Amino acid sequence: MSSKVLTETLRRLRSNGLVERWEAPDGPSHVEYRLTDLGRTLPAPIGAVGAGGFEHGDEVTAAQDAAEAGDAGPAVPRLRPAAGS
C-alpha cells in the first residue's frame with residue numbers, strides 16, 4: 001500500500017469516527033492511530049462478512065463469472081402479494 005493510500009484511508013477512518021490520531025509529546029514525527037469505541041465494534045460484523053464470503057466463495061465466483069459472460073444467472077422467483085392485499 002502506498003503512503004498516499006494509507007494516509008487517505010486513515011483520514012477517512014478518522015472522519016467516520018473509527019480511529020483517533022495521537023501525537024506523542026516529543027513531536028509530530030511519532031504518530032499513532034487507535035480504534036475508537038465505535039471502531040472496536042466492527043471486528044465481529046466484518047468477521048461475519050468474511051466468514052460468509054469464505055463459506056459461499058464458490059457461489060460468488062460463479063455469479064461473477066456469469067455476469068461477465070452476460071448471463072443473468074438463475075431466475076429469481078417473484079414475490080406474490082399476500083392474499084387480501
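Residues numbered from 1 in each chain as written. Predicted model: local features only at pLDDT ≥ 70, side-chain atom pairs only at ≥ 80, totals over all residues. Heavy atoms only, no water.

1. Digging into the overall build of the protein
Note the cut-off: Put simply, DSSP marks the helices as runs of H or I at least four residues long and the strands as runs of E at least two long, and each gets a number from the N terminus on. Burial classes follow relative accessibility: with a 1.4 Å probe on protein chains only, a residue under 20% of its type's maximum area counts as buried, one over 50% as exposed, and anything between as partly exposed. Contacts are assigned to residue pairs that have any heavy atoms within 4.5 Å of one another. In short, Shrake-Rupley with a 1.4 Å probe defines the accessible areas, and a residue's cover is counted only from the protein chains shown.
In terms of helices and strands, the protein carries 3 helices and 2 strands. A total of 85 residues make up the protein; the buried ones form 9% of that total. When contacts within the protein are restricted to residue pairs at least 6 apart in sequence, those whose partners lie at least 24 apart make up 3%. Put simply, the protein shows about 7,400 Å² of open surface, and 58% of that area lies on carbon and sulfur atoms.

2. What about the confidence of the model for the protein?
What counts, and what does not: Residue-level confidence of the predictor, termed pLDDT, takes values from 0 up to 100.
When the pLDDT values of the protein are averaged, the result is 85; 80% of them are 70 or greater. Helix α1 (residues 3–15) holds the highest mean pLDDT among the elements of the protein, 95, whereas helix α3 (residues 57–68) holds the lowest, 88.

3. Description of the pattern of salt bridges
The condition that has to hold: Salt bridge, as applied in this entry: a Lys or Arg side-chain nitrogen positioned within 4 Å of an Asp or Glu carboxyl oxygen.
Summed over the entire model, instances satisfying the criterion amount to 3 salt bridges. Close ionic contact of Arg 21 with Glu 23 constitutes a salt bridge, the shortest N to O distance being 2.6 Å. Given the relative accessible area of 40%, Glu 23 is considered partly exposed. A salt bridge links Glu 32 to Arg 34; the nearest nitrogen and oxygen atoms lie 3.4 Å apart.

4. Overview of the packing of aromatic side chains
Two descriptors summarise a pair of aromatic rings, namely the distance from one centre to the other and the angle between the planes of the rings. The line we're drawing: Only centres within 6.5 Å qualify two rings of Phe, Tyr or Trp (six-membered ring in Trp) as a pair; their planes then separate them into stacked at under 30 degrees, edge-to-face at over 60, and tilted for everything else. Any Lys NZ or Arg CZ found within 6 Å of a ring centre and within 35 degrees of that ring's normal is scored as a charge over the ring.
The tally for this structure, following the rule as stated, stands at 0 aromatic pairs. A cation sits over an aromatic face here: Arg 34 above Trp 22, 4.6 Å from the ring centre.

5. Quick notes on α1
Formally: How far a helix is expected to stretch is found by multiplying one less than its residue total by 1.5 Å.
Here α1 is 13 residues long and its end C-alpha atoms lie 18 Å apart, about the 18 Å a rise of 1.5 Å per residue gives. The first or second residue beyond α1 is Gly 17, which carries a positive phi of 75°.

6. Regarding a nonpolar patch on the surface
Going by this rule: Only residues above 30% relative accessible area that lack a salt bridge enter a patch, with like-charged residues linked at up to 9 Å and the nonpolar side chains Val, Leu, Ile, Met, Phe, Trp and Tyr linked at up to 5 Å.
Together, Met 1, Val 5 and Leu 6 make up an exposed nonpolar region whose accessible area comes to about 320 Å². For Met 1, a relative accessible area of 78% translates into the label exposed.

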